[in-house]
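Read off the chains here:
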Amino acid sequence: MRLFDGGEANESVFEIIRANVREPVQVVGDLYSLATSNDVGCRRLRELMDEFSMNGLEEIADHIITTSKSAMLEIIGALPHGTWTHAMTVDGYDDPVDLRASLTVSRDGIDIDFAGTSPMSPYGINVPITYTQAYATFGVRSVVGRDVPNNTGSLETVRVTAPEHSILNAPRPAAVTVRHVIGQMLPDVVLGCLGQALPGQVPAEGSSSLWNPSFIGGHGVTGSHDYGDATPFSVTVFHSGGTGARPGKDGLAATAFPSGVRNTPVEITESIAPLIFTRKELLEGSGGEGRYRGGDGQVIEVEHAEGAPFAVLALFDRIDHPARGRDGGGSGAPGAIRLAGGVDLKGKGKQIVPSGERLILELPGGGGLGEAGREETDAAG
């Protein structure tokens with residue numbers, strides 16, 4: 001069915017969508033954003049074709065793809081050739097997850113193999129191979145060939161594999177709904193390999209995985225906790241910890257990497273859900289120490305505006321295994337989730353915030369880069 005017809009929204013389709021999702025305002029807004037972006041892209045492409053009297057895109061597309069591949073191979077050819085390995089342990093769900101990578105640089109490209117990585121989980125933190133390929137490749141491209149256009153040609157030079165039925169290659173019908181929790185850690189793993197091949201050219205580990213809590217309130221949602229006459233709601237918010245320190249620069253505080261998603265403003269969440277954010281500020285000193293400090297995380301406190309209980313669906317990592325520093329830099333502070341009354345909650349899974357309680361989220365900091373004080377030592381000769 002058409003979503004739009006002649007520029008007019010098909011309200012029947014939109015009503016079906018609104019009735020079948022938990023967050024109709026956000027989902028419909030996403031659909032309008034996608035449709036608008038597509039429309040703008042189409043108009044600008046037509047203007048480009050008119051300006052240069054182009055009747056098609058095949059010739060220029062082939063040229064761009066071919067030259068992009070050649071440019072990447074030239075850059076890769078100048079890198080040290082060999083194989084480097086790196087491993088990282090993250091929180092997982094019930095048990096820690098080991099992510100292991102072997103990266104090989106050769107004349108015809110870069111190969112990444114995740115053999116030795118943990119097996120699939122019964123929970124939704126599994127990652128489809130396509131997601132694994134995308135984020136592992138992103139880790140390479142953030143350092144190698146950053147100025148080369150991103151297309152089939154340039155991407156063809158980076159090949160990513162993972163054992164089937166590992167947590168990074170989960171086939172249907174495996175649960176993969178929160179694949180980002182593990183998948184967004186992959187650039188850090190890949191950069192750990194590249195850091196050995198290219199010393200001093202890669203950042204330290206960061207908080208990496210977004211902290212996207214879903215808050216839900218209503219009858220049947222809060223278990224044995226009576227919801228009373230409070231307003232039912234369901235909302236998902238996006239927040240980030242700190243990035244790892246960068247070559248020559250400190251890390252960025254409360255900034256998403258590698259996803260690039262912006263934090264959700266408190267005012268937006270409070271306007272569409274009966275929640276009050278009583279505190280949201282940088283967690284100073286949570287970035288790892290080093291010649292360049294890791295970015296700070298942030299602390300968020302939230303409560304139900306009507307005093308009712310509510311559920312939090314936690315999808316968090318870097319609580320038990322914080323971001324590590326690189327080249328002598330210190331680790332970032334771990335994340336935490338707890339009630340203001342002092343009860344610690346789990347990093348993953350549905351949990352209830354009782355009536356009158358506040359939920360506290362402490363988002364992790366990024367790792368530091370280089371030994372602290374090294375710059376002054378170098379300057380002194």
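In short, a report on the structure. (Residues numbered from 1 in each chain as written. Predicted model: local features only at pLDDT ≥ 70, side-chain atom pairs only at ≥ 80, totals over all residues. Heavy atoms only, no water.)

1. Focus on the overall build of the protein
Move 1: Helices and strands together make up the secondary structure of the protein, namely nine helices and 14 strands.
Move 2: Seen through its principal axes, the protein has C-alpha atoms that stretch 65 × 65 × 40 Å.
Move 3: Each of the 381 residues in the protein was classed as buried or not, and the buried ones make up 45%.
Move 4: Long-range pairs, those at least 24 residues apart, make up 71% of the contacts in the protein with a sequence separation of at least 6.
Move 5: Looking at charge distribution, the protein has the averaged site of its 30 positive side-chain charges lying 3 Å from that of its 48 negative ones. (Helix = DSSP H or I, 4+ residues; strand = E, 2+ residues; numbered from the N terminus. Buried < 20%, exposed > 50% of the residue type's maximum accessible area, 1.4 Å probe, protein only. Contact = heavy atoms within 4.5 Å. Lys, Arg positive; Asp, Glu negative; His and termini not counted. Charge placed at Lys NZ, Arg CZ, Asp CG, Glu CD.)

2. Some remarks on the packing of aromatic side chains
Move 1: The full count for this structure, using the stated rule, is eight aromatic pairs.
Move 2: When the centroid spacing of 4.8 Å and the interplanar angle of 35 degrees are considered together, the rings of Tyr131 and Tyr135 count as tilted. One end of the pair, Tyr131, and the other, Tyr135, are both in helix α4 (residues 129–141), four residues apart, so they sit about a helical turn from each other. Of the two residues, Tyr131 and Tyr135, neither departs from the other in class, the shared state being buried.
Move 3: Here Trp211 and Phe316 contribute two aromatic rings whose centre-to-centre distance is 4.2 Å and whose plane-to-plane angle is 5 degrees, an arrangement assigned as stacked. Here Trp211, found in the loop between α7 (186–197) and β7 (214–217), pairs with Phe316, found in the loop between β11 (310–315) and β12 (336–339); they are 105 residues apart in sequence, far enough to count as distant.
Move 4: With a relative accessible area of 0%, Phe316 lands in the buried category. (Phe/Tyr/Trp six-rings, centres within 6.5 Å; stacked < 30°, edge-to-face > 60°.)

3. Quick word on the sheet that holds β11
Move 1: With respect to topology, four strands assemble into an open sheet ordered β8-β7-β11-β13, the strand pairing being antiparallel. The open sheet has two free edges, formed respectively by β8 (233–236) and β13 (348–353), since each of these has just one partner strand. Mean inter-strand twist for the sheet, computed between neighbouring axes without regard to direction, equals 15 degrees.
Move 2: The sheet contact formed by β7 and β11 spans three bridges and is antiparallel. Bridge pairing in β11 places Ile216 opposite Ala311. (Pairing = 2+ DSSP bridges. Axes fitted to C-alpha atoms, helices over the stretch in contact; angles between N-to-C directions.)

4. Let's talk about the environment of Phe233
Move 1: Counting through the fold element by element, Phe233 comes out in strand β8.
Move 2: When its relative accessible area of 8% is taken as the criterion, Phe233 is described as buried.
Move 3: Along the backbone, Phe233 and Leu48 are 185 residues apart, and their C-alpha atoms lie at a distance of 46 Å.
Move 4: Those residues within four positions of Phe233 in sequence are excluded, and the remaining contacts are Phe215, Ile216, Gly217, Tyr227, Ala273, Pro274, Leu275, His304 and Phe310.

5. Considering the layout of surface pockets
Move 1: In this structure, the largest pocket spans a volume of roughly 740 Å³.
Move 2: Along the wall of the largest pocket there are 31 residues; nearest its centre are His180, Asn212, Thr236, Phe238 and Leu315.
Move 3: Put simply, the parts of the chain that give the lining of the largest pocket at least two residues each are α2 (24–51), α4, β11 and β13.
Move 4: When residues in the lining of the largest pocket are grouped by element, the largest group, six residues, is from α2.
Move 5: Residues of the lining of the largest pocket, tallied by class, amount to 14 nonpolar, 12 polar and five charged.
Move 6: Considering only enclosed or pocket space, the second largest pocket measures out at about 440 Å³ in volume. (1 Å grid on protein atoms, 1.4 Å probe; cavity = no way out; pocket = protein on both sides within 12 Å on 5 of 7 lines; lining within 4 Å. Points joined across faces, edges and corners; volume = space filled by probe spheres on them. Nonpolar A, V, L, I, M, F, W, Y, C, P; charged D, E, K, R; others polar.)

6. Details of the sheet that holds β12
Move 1: What the four strands build is an open sheet, ordered β9-β10-β14-β12; its pairing is antiparallel. On the outer flanks of this sheet lie β9 (275–283) and β12, each paired with one strand and no other. Neighbouring strand axes in the sheet, compared pairwise and without regard to direction, differ in orientation by 15 degrees on average.
Move 2: Bridge count between β12 and strand β14 (residues 359–362): four bridges; the pairing is antiparallel. Looking at the pairing, Leu339 lines up with Leu359 of β14.

7. Re helix α3 (residues 58–77)
An α-helical segment advances 3.6 residues per turn. Residues three or four places apart therefore align on the same side.
Move 1: Taking 1.5 Å of rise per residue, 20 residues should cover 28 Å, and α3 covers 28 Å from first to last C-alpha, within 8% of that figure.
Move 2: The inward-facing, buried residues of α3 contact β4 (97–106), β5 (109–113), α4 and α5 (152–155). (Expected span 1.5 Å × (residues − 1).)

8. Considerations on the pattern of salt bridges
Move 1: A complete count under the given rule lists 15 salt bridges for this structure.
Move 2: Across the pair Glu156 and Lys69 runs a salt bridge, and its minimum N-O distance is 2.7 Å. You can see Glu156 sitting in the loop between α5 and β6 (158–161) and its partner Lys69 sitting in helix α3, a full 87 residues away along the chain.
Move 3: Note on Glu156: relative accessible area 41%, which makes it partly exposed.
Move 4: On the basis of relative accessible area, Lys69 is assigned to the partly exposed category, the value being 29%. (Salt bridge = Lys/Arg side-chain N within 4 Å of Asp/Glu carboxyl O.)

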